[in-house]
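Below, each chain spelled out in residue letters.
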Amino acid sequence: MQDVTVVRTSVLPPYAAHLRVYEPLAAYPEPERAHWQAYAAEHGPDAPEAGRSVAAAALAEQRTALAELVGRTPRALPERESERAFVRLVDGVLYICPWATRLRNWQALEELRDGAPVALLDTALPPATRAEAEADRERWRSEHPDARPWILTSRWEVPVRWFLPFGDEDRCFVPAGTGEKGGEGVRGDQASLFYLTPMAQARRRVARAYRALREAVPEGELVRGAEQVGRWLEEFHPRSLVELDYGGLVHLLGAERLLADRSAGELEDGLRALRAGDSAEALRAYEALTVRWRRVLALRHAN
């Protein structure tokens, strides 16, 4: 990928990718299970099968979050946890990925605090507002010590480690205008690119990658990434689904490059070469992948 095309639409989601876990309905204890069962029954007609993206639902989540900000004193997080979720139906089994908006907002606030200039942070979210949010988080943590997000978000790039759970056969590209359903006020003709695989396969791939990387480059960035992703996946039900969604990044890449993108397959080829002892080919594949995504990441500084 030599350059990046910006594609404009009337509704642009954030330039962010998402790594999601969908747990089977049976994995949720009561009364959560009853809630999600009723939720899925209400939203069932829009629940995507394995071959469809959740792009419309993701845009609906964005609009809900924006609506929370209109006409209010700035708040660091919603007043209550979201009772909504992404829903998938695969081979007759219902899978649920809760939005967990408050938990994800706490995490985003921590990232913002660590990465944003203090003056900008104080303007967007005054110190008193942040202090209140952090106090709320500590209280919530004491009541939910085992809580973890079902969704990880990365802005302006797909981290290379996120491709580890997937193979090229898990890839699904949905061109614009192919019948994707949109929610109220949401366009349904946007392209999407996502990977979807069973949890058992995802864990197996990450574990194999970790072993190969630890033997070859024990201090490398990717081996640390494999450990991080592997630990997160272990938190969920073994019959879950794992999804990597390019999200709003599709508008940075453009349809032609989305169609040609085989990042998970390229990483898989590189790891295969590493296990075969061809370290030069493995390094070439890894460098090509990281350079490509660094070019996308660099666009966050573009005017």
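I will try to describe carefully the structure that is included in this document. (Residues numbered from 1 in each chain as written. Predicted model: local features only at pLDDT ≥ 70, side-chain atom pairs only at ≥ 80, totals over all residues. Heavy atoms only, no water.)

## Thoughts on the packing of aromatic side chains
Here is step 1 of the chain: The tally for this structure, following the rule as stated, stands at 10 aromatic pairs.
Here is step 2 of the chain: Relative to Trp99, the ring of Phe86 lies with its centre 5.9 Å away and its plane at 50°, an arrangement referred to as tilted. Pair noted here: Phe86 is in strand β2 (residues 85–90) and Trp99 is in the loop between β3 (93–98) and α3 (101–115), with a separation of 13 residues, a long-range link.
Here is step 3 of the chain: Residues Phe166 and Tyr195 carry aromatic rings whose centres are separated by 5.7 Å and whose planes lie at 40° to one another, so their mutual orientation is tilted. (Phe/Tyr/Trp six-rings, centres within 6.5 Å; stacked < 30°, edge-to-face > 60°. Helix = DSSP H or I, 4+ residues; strand = E, 2+ residues; numbered from the N terminus.)

## Things to note about the pattern of salt bridges
Here is step 1 of the chain: Per the counting criterion, the structure on display carries 13 salt bridges.
Here is step 2 of the chain: Here Arg20 makes a salt bridge to Asp245, at a shortest N to O gap of 3.0 Å. Linking Arg20 in strand β1 (residues 16–24) with Asp245 in strand β7 (residues 241–245), this pair joins segments that are 225 residues apart in sequence.
Here is step 3 of the chain: For Arg20, a relative accessible area of 1% translates into the label buried.
Here is step 4 of the chain: Between Arg231 and Glu227 there is a salt bridge, with the nearest N and O atoms lying 3.1 Å from each other. With a gap of 4 residues between them, Arg231 and Glu227 both fall in helix α7 (residues 221–233), about one helical turn apart.
Here is step 5 of the chain: Taking the relative accessible area as the measure of exposure, Arg231 reaches 57% and is therefore exposed.
Here is step 6 of the chain: Of the residues examined, Glu227 reaches a relative accessible area of 33% and is grouped as partly exposed.
Here is step 7 of the chain: Overlapping salt bridges bring together Arg20, Arg88, Glu243 and Asp245 as one network. (Salt bridge = Lys/Arg side-chain N within 4 Å of Asp/Glu carboxyl O. Buried < 20%, exposed > 50% of the residue type's maximum accessible area, 1.4 Å probe, protein only.)

## As for the nonpolar core
Across soluble globular proteins, nonpolar side chains have a tendency to be buried as a group.
Here is step 1 of the chain: Within the largest apolar cluster, 66 residues are counted, with the highest numbers of intra-cluster contacts made by Val158, Phe163, Leu233, Tyr246 and Trp293.
Here is step 2 of the chain: With residues up to four places along the chain from it excluded, the contact list for Val158 reads Ala17, Phe163, Leu244, Tyr246, Leu249 and Trp293. (Core = buried A, V, L, I, M, F, W, Y, C linked by side-chain atoms within 4.5 Å. Contact = heavy atoms within 4.5 Å.)

## Things to note about the side chain of Arg88
Here is step 1 of the chain: Tracing the sequence through the fold places Arg88 in strand β2.
Here is step 2 of the chain: Overall, Arg88 belongs to the buried group, its relative accessible area being 0%.
Here is step 3 of the chain: A polar atom in the side chain of Arg88 sits 2.7 Å from the side chain of Glu243. (Polar contact = N/O pair within 3.5 Å; in protein donor to acceptor, adjacent residues only side chain to side chain.)

## Remarks on helix α6 (residues 199–216)
Here is step 1 of the chain: Its 18 residues place the ends of α6 26 Å apart at the C-alpha level, agreeing with the 26 Å of an ideal helix rising 1.5 Å per residue.
Here is step 2 of the chain: Those residues of α6 that fall on the buried side of the exposure criterion are Met199, Ala202, Arg203, Arg205, Val206, Ala209, Ala212 and Leu213.
Here is step 3 of the chain: Packing partners of the buried residues in α6 comprise β1, β6 (192–198), α7, β7 and α10 (263–275). (Expected span 1.5 Å × (residues − 1).)

## Describing the environment of Ala17
Here is step 1 of the chain: Secondary-structure assignment places Ala17 in strand β1.
Here is step 2 of the chain: Exposure remark for Ala17: the relative accessible area of 0% places this residue in the buried category.
Here is step 3 of the chain: When the C-alpha atoms of Ala17 and Gly248 are compared, they prove to be 6.7 Å apart, with 231 residues separating the residues in sequence.
Here is step 4 of the chain: In this view, Ala17 contacts Leu152, Thr153, Ser154, Glu157, Val158, Trp162, Asp245, Tyr246 and Leu249; residues no more than four positions away in its chain are not counted.

## Digging into unusual backbone geometry
Here is step 1 of the chain: Geometrically, the link from Glu30 to Pro31 is a cis peptide bond, its omega value of 5° lying close to zero.
Here is step 2 of the chain: Checked against the element boundaries, Pro31 lands in the loop between β1 and α1 (32–43).
Here is step 3 of the chain: Positive phi outside glycine occurs at Asp91, with the angle close to 55°.
Here is step 4 of the chain: For Asp91, the position within the fold is in the loop between β2 and β3.
Here is step 5 of the chain: Positive phi values are uncommon outside glycine, yet Trp156 reaches one of about 75°.
Here is step 6 of the chain: The exposure class of Trp156 is partly exposed, given its relative accessible area of 23%.

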